[in-house]
Every structure is written in structure tokens, then in C-alpha cells.
Amino acid sequence: MSKLLIELINATLCKRPLNEKVFERAIEADWQRCFDMALQQNVLAMTFPAMSSLPKELRPSFTLWSKWMAYSQSIAEQSQYKRQVVEKMGAWLAEEKLTTTILKGFSLSALYPNPNLREFSDIDIFSGSDYEAVNACFSKHGVKVDSVDGHHAYLKVDGISVEHHFAFSNTKVKDGLGGPEEELQRLVVSDPQPTSIPGINFPNSVFTALFVGWHAYEHFLQEKIELRHVIDWALSLRQLTELEAETLNEIKRNTGWGNFCDTLTAIAIRQLGLPQDWFHETEQVAVEQEQQVWNDIIKASRTAKSKSSNLRRIYIAKRMLKNSWKFKDYSNISATQLLIKETIGHFKTINLKTDYKQ
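Now for a description of the structure that goes with this document. Every value quoted in this text rests on a predicted model; they were computed, and no experiment measured them. (Residues numbered from 1 in each chain as written. Predicted model: local features only at pLDDT ≥ 70, side-chain atom pairs only at ≥ 80, totals over all residues. Heavy atoms only, no water.)

**Some details on the overall build of the protein chain**
Working step 1: Each helix and strand in the protein chain was counted, giving 15 helices and seven strands.
Working step 2: Over its C-alpha atoms the protein chain spans a radius of gyration of 21 Å, differing by no more than 12% from the 21 Å that the globule rule assigns to 358 residues.
Working step 3: Its C-alpha atoms put the protein chain at 65 × 45 × 45 Å along the principal axes.
Working step 4: Each of the 358 residues in the protein chain was classed as buried or not, and the buried ones make up 52%.
Working step 5: Partitioning the intrachain contacts of the protein chain with sequence separation of at least 6 by distance along the chain shows that 68% fall at a separation of at least 24. (Helix = DSSP H or I, 4+ residues; strand = E, 2+ residues; numbered from the N terminus. Rg over C-alpha atoms; globule rule 2.2 N^0.38 Å. Buried < 20%, exposed > 50% of the residue type's maximum accessible area, 1.4 Å probe, protein only. Contact = heavy atoms within 4.5 Å.)

**Quick look at the pattern of salt bridges**
Working step 1: Per the stated rule, a full pass over the model turns up 13 salt bridges.
Working step 2: Lys140 serves as the salt-bridge partner of Glu96, at 3.4 Å between the closest nitrogen and oxygen. With Glu96 in the loop between α4 (62-95) and β1 (100-103) and Lys140 in helix α6 (residues 131-140), this pair connects stretches of sequence that are 44 residues apart.
Working step 3: Using a relative accessible area of 32% as the deciding quantity, one classes Glu96 as partly exposed.
Working step 4: Note on Lys140: relative accessible area 62%, which makes it exposed. (Salt bridge = Lys/Arg side-chain N within 4 Å of Asp/Glu carboxyl O.)

**Digging into the side chain of Asp124**
Working step 1: Take Asp124: it is sitting in strand β2 (residues 123-126).
Working step 2: Asp124 gets classed as buried once you look at its relative accessible area, which sits at 1%.
Working step 3: Only 3.5 Å separates the side chain of Asp124 from the side chain of Lys104, close enough to count as a polar contact.
Working step 4: Among the polar contacts listed, one links the side chain of Asp124 to the side chain of His165, at a separation of 2.9 Å.
Working step 5: In contact with Asp124, other than residues within four places in its own chain, are Thr101, Ile102, Leu103, Lys104, Glu163 and His165. (Polar contact = N/O pair within 3.5 Å; in protein donor to acceptor, adjacent residues only side chain to side chain.)

**Section: the packing of aromatic side chains**
Working step 1: Tallied over the full model, the rule gives 21 aromatic pairs.
Working step 2: Taking the centre distance of 6.1 Å and the plane angle of 70 degrees together, the rings of Phe106 and Phe202 count as edge-to-face. With Phe106 in helix α5 (residues 104-108) and Phe202 in strand β7 (residues 200-202), the pair connects residues that are 96 residues apart, well separated along the chain.
Working step 3: On the numbers, 5.6 Å between centres and 75 degrees between planes, the contact of Tyr131 with Phe166 is edge-to-face. With Tyr131 in helix α6 and Phe166 in the loop between β5 (160-165) and α7 (181-188), this residue pair connects regions lying 35 residues apart in the sequence.
Working step 4: Residue class for Tyr131 comes out buried when judged on its relative accessible area of 11%. (Phe/Tyr/Trp six-rings, centres within 6.5 Å; stacked < 30°, edge-to-face > 60°.)

Structure (C-alpha cells):
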């Protein structure tokens, strides 16, 4: 792992000056590896301000610096555009005295030193008992509710994908991964946090941490996660009060996914060097366990992309079987069992989509 990248991430999150000694012997090849890894780990935008604070003689070449800057500016512009989309959605909902809660990327960006540092793609929302009313509101404004899968509907607003959740686990997979669905459903409607945008709420802190951990766990088992997931987890824990941290620990204690979350905590502390006091009291994990997950984050390649959704499912299935150790160490079922259940659930989802369109 690049020492340069670790220093850039740590200094950014801890809002401290860079340790210039880390960069004194860096050559262009070191900076290129740092750039490539930051891009792969979805943290390139967040490291640009810290990197640019270095004296010119310690920075990478102007060519690489310019690429870094252009990427960061692009992310900032995309984030601002998506905020405008959220504001438009909120205005539609507020007109009808409706609200929705923003999940994941957009709400998590508020935890970063600067919201533009957190890259995200689509917009995720949850509307509780107003799910149908919110969909109807969007339809009224010409937004097509394309299809519904096992846990959300797909929409597109001004070119931005929006996932409208009614669940946090795939409801079409019977007896699949054991997770905190009931707790997430309860917490997401408990004490929503109003934002400056009418019609738009953020979830409470316990929900945010719980969902970040669970979402990372699902991605870890089926594909891989990046440093961005570890950072999201660390920042979501940092905002918890001691009582909230106890509530979260009580929910995740003695679960496979909870053990995985504790491993993320260990990685945040020992690999990224983040302050211990961000994390309250947490369960200890074996060094070997932490290292295995860390190696998967840093060294494993992403799943190959494909225009065919079925072909991509095959790629993911092969990956799950190859990484059966993840299920053995952290899951209540094996990779093979989950694949069988997901295959059955997939055909149910196809039928659901057909029924929905009719």
C-alpha cells in the first residue's frame, strides 16, 4: 500500500497538515502508483486538496497534478449537479407535503470535511409509508418508475439514476444473508434529520452507521469493497454518541456481518491510522483476519463489466465461489447456498417486473 496515499487520506480526514517527510523521497513512479491506487479505491478526489498543499518541489509532475485536478473538478461539478437534482425532487415532494430520506452517497458526503470530496454515483431514497405517494409524485412530473426489484424501484431524474428503496435486503431471496433488516426499517423512520432542502431528510446517526456497515458487507461478500467503504464506516462511527455506539454494538454483536464491521474498524485504526477515540468501544479481531480483508480491499481487482446483466451475474457468481472464505468467515450461509437462493429470487423478480409493467 502506498505510504503517500495513506498520509494523504489521514491528513484529509483528521484535518491536519501533511507530514512532508513522507514525500521527500517520492519519485514520479511513486506518485503514479499513488494516483492509480486512489483512482481504483474511489478516493482520488478527496486526496487532491491535501496533495496540492505540498510545496511544489514535493508534488508530482505538473502533468499528473493536472490530471488529478481535472478529475477532482469533475467530481465537484457532478456533485453540484446531483445536489440540484435532489433540490428539484425535494421541491416536488414539498409541494404535496411529502418527504423522503436520502441514503448512502449524498447523505454520507455531509460527513466529509468537504462534501465534494466524497464520490458517489446514483441517489438512494427511502420514503417509508409514503413510498407509493412519492412514486406517484415523481410520475406526475414525468419521471417513469421503470421497474421494481427485490428492494427498490428504479427512476431517472434529469439523467441521474435514483433508487427508491422499500427494503434494505433483497426481499425476493428467502432465508438469504442474515442481516439487520428489521432494525434498519425501524431506525430509518425514527428521528429523521431535516436538511436545508425542503422535502429532504437525512437519516439518524445510528441508521447511517448500521446501513453503511451492512451495505459494505453485502458488497464484500459478492464482489469487493474499496477504501471509500472503510472511510464511510469510520466517519459514520465518528459521529455517534457513546449511547448511540452502544445501540449499534448491541445490534451487530454476535453476527457475521457485525464481525466484518469490527474488521473494518481495525483496518481504519491500524492501516489508515485514524484516531482510536473515533470508534468508542469495539470488538477486537485477529490480526490475520484484518490482514486478509485488507489484502482483498487493496489487491483484488474489480468484477469485469458487461453490457449483459446476465453475463455480469455469471462473473459475480464465479467470484463468490472463488472467494468462499468470505462466507465461511462472515456469513450464515455458504456462497453456493446464497447463489441458489439468489437464482430463485432472480426469476421471482423477473415475474414481479412483468406484473408491475402490466
